[in-house]
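Residue strings, one per chain:
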Amino acid sequence: MKANLHSHSPYCDGKAPMEEMVKGALRKGLKILGISSHAPVPFKNSFSIPGNEQLRQYRKEVRYLQDKYKDQIAIYLSLEIDYIQGMTKDFESFKKEFGLDYTIGSIHLVKGQSNDHLWFIDGPDASNYDRGLRDAFGSDIYTAVSCYYHQINEMITTQKPDMIGHIDKIKMHNHNRYFSEDESWYRQLVDETLDYVKANDCILEVNTRGVYKGRSDSLFPGHMILQKALEQNIPISLNSDAHKPDEMDGYYTEAMRFLKSIGFREMYYYSQGDWKAFALD
Ligand SMILES: [Zn+2]
Ligand SMILES: [Zn+2]
């Protein structure tokens, strides 16, 4: 069973028309496709849906494609929503107002001591990561990474996302320059966050984008976190975070083999109103 619950569209930073993304999913043999553009954030940026008007258009187009391709693939309406304390809109109001099937909660911007500086941890350019770390946190990596994981914890308890997107994306531009994922303080932060994931029944996304884009040596999350998730019986969902049709099943074969090798037997996908387990085969 191939599925992808994390994909983007030109309403945000996606690179191909929505229908081309659907056709890409069909070409790759996917049975479930979730369209999850970046939800609006309350400041100027180049990655999210700008506002509610575009959001309504977005919903309309997803609904149209849902119906047009209903005999070939199940299409679901979602958003990848950022959480920044005191700044972003409640997930529940997006969910209710736009009739989302499920929500993905992801942190791309880490709040520092003041609202003036947000640390942007994503994008292709590592120099933004370095600059943001300096401007928002005075290059104090321990505080910065702690804020990142605490922001996820707070997102989980206050916003109740169905799925946590790319939980350790903070490592992407690190490349062992500022911290090692083996350090005990880092592992402690991860342990604490996984406890929140477990206690709040969230799905843990396994995101292949960093690997097929050549920006990360390992999946989001990597081996250590996946091992802990397995031990805690946290449900996982393999997604590609596609921005182009050909990325629909990017690195899926290798990722599935890897997940099986460390002991996972099933993955969870949203299907017909609920989260269901599918055998990893
Ligand atoms: Zn993301
Ligand atoms: Zn995404």
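Rules and cut-offs
Residues numbered from 1 in each chain as written. Chains lettered and ligands numbered in written order. Predicted model: local features only at pLDDT ≥ 70, side-chain atom pairs only at ≥ 80, totals over all residues. Helix = DSSP H or I, 4+ residues; strand = E, 2+ residues; numbered from the N terminus. Rg over C-alpha atoms; globule rule 2.2 N^0.38 Å. Buried ≥ 20, exposed ≤ 12 C-beta atoms within 10 Å, placed from the backbone. Expected span 1.5 Å × (residues − 1). Contact = placed C-beta atoms within 7 Å. Pairing = 2+ DSSP bridges. Arc of directions from axis to C-beta.

Caption draft 1: Just the overall build of the protein chain, in detail. Check the secondary structure of the protein chain and you find nine helices and 11 strands. Since a compact globule built from 281 residues should have a radius of gyration of about 19 Å, the 18 Å found for the protein chain is in line with a globular shape. In terms of overall dimensions, the protein chain has a C-alpha envelope of 50 × 45 × 35 Å along the principal axes. When each of the 281 residues of the protein chain is scored for burial, the buried share is 46%.

Caption draft 2: Molecular detail of helix 5 (residues 141–159). For helix 5, built from 19 residues, the straight-helix expectation of 27 Å at 1.5 Å per residue is met to within 8% by its first-to-last C-alpha distance of 26 Å. Every buried residue belonging to helix 5 is among A144, V145, C147, Y148, Y149, I152, M155 and I156, and all of these are buried. Along its buried surface, helix 5 packs onto strand 4 (102–106), strand 5 (109–111), strand 6 (118–120), helix 4 (126–137), strand 7 (163–164) and helix 6 (184–199). K160, located one to two residues past helix 5, shows a positive phi value of around 50°.

Caption draft 3: Examining the sheet that holds strand 1 (residues 3–4) more closely. Taken in spatial order, the seven strands line up as 1-2-3-4-7-8-9 in an open sheet, and their pairing is parallel. Each of the sheet's edge strands pairs with one partner strand only, and the pair in question is strand 1 and strand 9 (236–239).

Caption draft 4: Broad picture of helix 3 (residues 91–98). All of the buried residues along helix 3 are F91, F94 and K95. Taken end-on, helix 3 shows its buried residues confined to a sector of 95°, consistent with a single buried face. Every exposed residue of helix 3 that faces more than 90 degrees away from the buried side is listed here: S93 and K96. Buried residues in helix 3 make contact with strand 3 (74–82), strand 4 and helix 5. At the C-terminal side of helix 3, G99 shows a positive phi close to 60°.

Caption draft 5: Up close: the environment of L109. Here L109 shows up in strand 5. Separated by 166 residues in sequence, L109 and W275 have C-alpha atoms that sit 28 Å apart. When near neighbours in sequence (up to four residues on either side) are disregarded, L109 contacts D82, I84, L118, W119 and F120.

Caption draft 6: Structural context of the pairing of strand 9. What you see with strand 9 is no split at all: I236 and L238 on one side and S237 and N239 on the other are buried throughout. Sheet topology note: the strand 8 (residues 203–207)/strand 9 ladder contains four bridges and is parallel. Note that in strand 9 the partner of N207 across the bridge is N239.

Caption draft 7: Quick peek at the pairing of strand 11 (residues 274–279). For strand 11, the buried fraction is low: zero of the six residues fall into the buried class. Examined bridge by bridge, strand 10 (residues 266–271) and strand 11 share six bridges and lie antiparallel to one another. Paired with S271 across the two strands is D274, which belongs to strand 11.

Caption draft 8: Here's a closer look at the environment of F264. Mapped onto the elements of the fold, F264 is located in the loop between helix 9 (252–261) and strand 10. Residue F264 is classed as partly exposed on the basis of its C-beta count, with 18 C-beta atoms lying within 10 Å. Each C-alpha atom, one on F264 and one on K28, is 23 Å from the other, the two residues being 236 residues apart in sequence. Contacts of F264, omitting those with residues within four sequence positions, involve L230, I236, L259 and L280.

Caption draft 9: Local environment of unusual backbone geometry. With an omega of 0°, the peptide bond between F220 and P221 qualifies as cis. Among the structural elements, P221 can be located in the loop between helix 7 (209–212) and helix 8 (223–231). You will see that H175, though not glycine, has its phi angle at about 45°, which is positive. Positionally, H175 belongs in the loop between strand 7 and helix 6. Classification of H175 as exposed rests on a count of 12 C-beta atoms within 10 Å. The phi dihedral of Q272 falls on the positive side, at around 50°, and the residue is not glycine. Inspection of the secondary structure assignment puts Q272 in the loop between strand 10 and strand 11.

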